[in-house]
Amino acid sequence: MRAAVVGHTGLLVNVPAPARLALHKLLTASERDAGHAAKAEKDLAQAGELLRVLAADRPGDLELA
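## Observations concerning the environment of R2
- Note that R2 resides in strand β1 (residues 2–5).
- As for R2 and N14, which are separated by 12 residues in sequence, their C-alpha atoms are 4.7 Å apart.
- Within the structure, R2 has its side chain in polar contact with the side chain of N14 (distance 3.4 Å).

Pasting the structure below:
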């Protein structure tokens, strides 16, 4: 999705949809090997926070993703 980076000039960039990013984080965490346990924990924490916010504010986005 398109988003604006606020700064001196402003810039339009492409970023992942939040609901899709949360699902990606869940998949990524489940595929990490034991040597990357810290990264998997971080992925799960980020996905959990995104899912909590989306469930409260934009539940339709989760269904679409």
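## Points about a nonpolar patch on the surface
- Residues L23, L26 and L44 make up a contiguous nonpolar surface patch of roughly 230 Å² in combined accessible area.
- Within the fold, L44 resides in helix α2 (residues 37–57).
- In this structure L44 comes out as partly exposed when scored by relative accessible area, which is 46%.

## Quick word on the packing of helix α1 (residues 18–31) against α2
- Contact geometry of α1 with α2 gives a least axis separation of 8 Å together with a crossing angle of 150 degrees. The orientation of α1 relative to α2 falls into the category roughly antiparallel. Pair α1 / α2 crosses with left-handed handedness. Of the residues in α2, those in contact with P18, A19, L21, A22, K25, L26, T28 and A29 of α1 are A40, D43, L44, Q46, A47, L50, L51 and L54.
- For the contact of α1 with α2, the per-class residue count stands at 12 nonpolar, 2 polar and 2 charged.

Quick notes on the rules
- The residue count restarts for each chain, going from 1 along the sequence in the order it is written.
- Local features in this predicted model are restricted to residues of pLDDT 70 or higher, and side-chain atom pairs are both shown and tallied only at a pLDDT of 80 or more, whereas totals for entire chains, interfaces and linings draw on every residue.
- No hydrogens and no water enter the side-chain calculation; it runs on all heavy atoms of the structure.
- In DSSP terms, a helix is any run of H or I states spanning at least four residues, a strand is any run of E spanning at least two, and both are numbered starting from the N terminus.
- We call two N or O atoms a polar contact when they sit within 3.5 Å, provided that within protein one can donate a hydrogen and the other can accept it, with sequence-adjacent residues counted only if both atoms are side-chain atoms.
- Residues form patches when they are more than 30% accessible in relative terms and have no salt bridge. Like charges link within 9 Å. Nonpolar side chains (Val, Leu, Ile, Met, Phe, Trp, Tyr) link within 5 Å.
- With residues, only the protein chains shown are counted as cover, and all accessible areas are computed by Shrake-Rupley using a 1.4 Å probe.
- Any carboxyl oxygen of Asp or Glu that lies within 4 Å of a side-chain nitrogen of Lys or Arg is treated as forming a salt bridge with it.
- Between buried and exposed lies partly exposed: a residue is buried under 20% and exposed over 50% of the maximum accessible area for its type, with that area taken using a 1.4 Å probe on protein chains only.
- Only the stretch in contact is used when a helix axis is fitted, and all axes are lines through C-alpha atoms; the angle between N-to-C directions ranges over 0 to 180 degrees.
- Under this scheme an angle from 65 to 115 degrees is roughly perpendicular, one under 35 degrees roughly parallel, and one over 145 degrees roughly antiparallel; angles in between are oblique.
- Crossing handedness is read from the near helix: turned anticlockwise from the far helix by less than a right angle, it gives a left-handed crossing, and turned clockwise, a right-handed one.
- Any two residues whose heavy atoms approach within 4.5 Å at even a single point are treated as in contact.
- Each residue is assigned to one class: nonpolar for Ala, Val, Leu, Ile, Met, Phe, Trp, Tyr, Cys and Pro, charged for Asp, Glu, Lys and Arg, and polar for all the others, Gly among them.

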